[in-house]
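Each chain is listed here by its residues.
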Amino acid sequence: MASSNRYTDVAIALHWLLAALILGQIAFGWYLQEIPRGTPARTIYVNFHKSTGLTIGLLILFRLYWRLTHKAPPLPDWMPAWERVAARTSHVALYACMLIMPLAGYLASNFSKFGIKYFNVFLLPPWGVDDKRIYAIFNTTHVVTSYVLVALIVIHILAALRHVFLRNGVFSRMSPVRGSP
């Protein structure tokens, strides 16, 4: 059970789990750009990226559901207005990117002939036409959103570190360790 100034234990677990999974998935996606097209290794890695992306996307939806149904603890009264606005705006932008990036990747997969072979267990055949232009739009959105998300994550981490160093209690709201700064 969370105290009034901490997020729920589920929210904290989802935050840190998704942070690790999303950073890993983005790094893996960028690594994929180095693997030559048409090679068996690329096919295996791309299918793995798609499969983990779908799974992470479902976890993101669950996290969003949890966030909408469980009120966040209030920001401290002493926080300046600009900092409250920055916190809310950056969180909305983070959630937007976390939704747009996997959705764009999923849509791109559905406008190619390949579809998604989910963890090599079953095929999710494409439901769209094989159209390179539509695929390119969604794939570009997927890639560009990954860069925007990384920039937002860097800002988020810097803000979190600021709160850790100031020892003002803001970081402890989402800390996986109770009683941390």
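What counts, and where the lines are drawn
- Residues numbered from 1 in each chain as written.
- Predicted model: local features only at pLDDT ≥ 70, side-chain atom pairs only at ≥ 80, totals over all residues.
- Heavy atoms only, no water.
- Helix = DSSP H or I, 4+ residues; strand = E, 2+ residues; numbered from the N terminus.
- Buried < 20%, exposed > 50% of the residue type's maximum accessible area, 1.4 Å probe, protein only.
- 1 Å grid on protein atoms, 1.4 Å probe; cavity = no way out; pocket = protein on both sides within 12 Å on 5 of 7 lines; lining within 4 Å.
- Points joined across faces, edges and corners; volume = space filled by probe spheres on them.
- Nonpolar A, V, L, I, M, F, W, Y, C, P; charged D, E, K, R; others polar.

A. How the structure looks around the environment of A96. Inspection of the secondary structure assignment puts A96 in helix 3 (residues 81-110). For the pair A96 and L149, spaced 53 residues apart in sequence, the C-alpha separation works out to 9.1 Å.

B. Representation of unusual backbone geometry. We note that F119 has phi near 45 degrees; this positive angle belongs to a residue other than glycine. Within the element layout of this structure, F119 appears in the loop between strand 1 (116-118) and strand 2 (122-124). Judged by relative accessible area, which is 36%, F119 ranks as partly exposed. With phi around 55 degrees, N120 is a residue other than glycine that occupies positive phi space. Within the fold, N120 resides in the loop between strand 1 and strand 2.

C. The layout of surface pockets, seen in detail. Approximately 1,300 Å³ is the volume attributed to the largest pocket. For the largest pocket, the lining is made up of 44 residues, of which Y7, H15, H91, L94 and H156 are closest to its centre. For the lining of the largest pocket, the secondary structure elements donating two or more residues are helix 1 (9-32), helix 2 (40-69), helix 3 and helix 4 (132-166). Ranked by residue count, the leading element in the lining of the largest pocket is helix 3, at 11 residues. Counted by class, the lining of the largest pocket contains 30 nonpolar, 7 polar and 7 charged residues. Volume-wise, the second largest pocket comes out at about 1,100 Å³. Residue lining of the second largest pocket: 43 residues in total, with R42, V46, K50, Y135 and N139 positioned closest to the centre. Elements represented by at least two residues in the lining of the second largest pocket include exactly helix 1, helix 2, helix 3, strand 1 and helix 4. Sorting elements by how many residues they give to the lining of the second largest pocket places helix 2 first, with 10 residues. Its residues placed into classes, the lining of the second largest pocket shows 19 nonpolar, 16 polar and 8 charged.

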